[in-house]
Each structure stands twice: as structure tokens, then as C-alpha cells.
Amino acid sequence: MIEAIIPLIELDQYVPDNVVMMATVGDDVHPPGLIEEYASKLPNNTEISFIDRFAFYERAKSAKCIVVTGTTRKYGNVILKKGVTPNF
């Protein structure tokens, strides 16, 4: 999903958390390779921020676009904050 969307938008460069994932809860861990896979699809030097589960849900409520994929990986959700996209 990230690989398909990133070429179409510019991430917001004026916020510290333009890519956000849910932090793990308790003893949970992110699935092996998940974070590295997502990071490899992002523009260079883009950092992934992690926020508490309920903060993630609150932020997702104000999303302007939601993409549902077939992934069933735990903690596979990601929020991308769009910035100003130049005209093509």
C-alpha cells in the first residue's frame, strides 16, 4: 500500500510525525520485518513515529482517506500525513 501511495503524494515535511504506526501493547512485538518493510518504501530519511493504541484510533478518526488492504499482520496499520503536492 505504501509503495503505491507514496509516488502520488508528498508527505507533510512540516510536522515531526508524518508517518505514524501504533506502538505495541504490553509484551507484544511488531511482526518481524514489518517496520523495515514500511521504512524501505518511504522517501529517504523519513522516520516512523509510534503512538499509543488509543491515540492512534483517535487520529484515524480524522483521516480523509482510508485504504483497506488484505493484510492481517498485527500492528500493520499506518497513517500517512499528506503535505502540499505539486501539480504534475
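Note that the coordinates shown come from a computational prediction; the quantities given were computed from them, not determined experimentally. (Residues numbered from 1 in each chain as written. Predicted model: local features only at pLDDT ≥ 70, side-chain atom pairs only at ≥ 80, totals over all residues. Heavy atoms only, no water.)

K.L.:
Help me understand the overall build of the protein chain, please; the structure alone is not making it clear to me.
P.N.:
Of regular secondary structure, the protein chain possesses three helices and three strands. Helices (α) and strands (β) of the protein chain occur, in sequence order from the N terminus, as α-β-α-β-α-β. Since a compact globule built from 88 residues should have a radius of gyration of about 12 Å, the 13 Å found for the protein chain is in line with a globular shape. Expressed as lengths along the three principal axes of its C-alpha atoms, the size of the protein chain is roughly 45 × 25 × 25 Å. In the protein chain, buried positions account for 27% of the 88 residues. Here the protein chain has roughly 6400 Å² of accessible surface; of this, 55% comes from carbon and sulfur atoms. (Helix = DSSP H or I, 4+ residues; strand = E, 2+ residues; numbered from the N terminus. Rg over C-alpha atoms; globule rule 2.2 N^0.38 Å. Buried < 20%, exposed > 50% of the residue type's maximum accessible area, 1.4 Å probe, protein only. Areas by Shrake-Rupley, 256 points an atom, 1.4 Å probe, with all protein chains shown as cover.)

So yeah, pure geometry; function would need other evidence.
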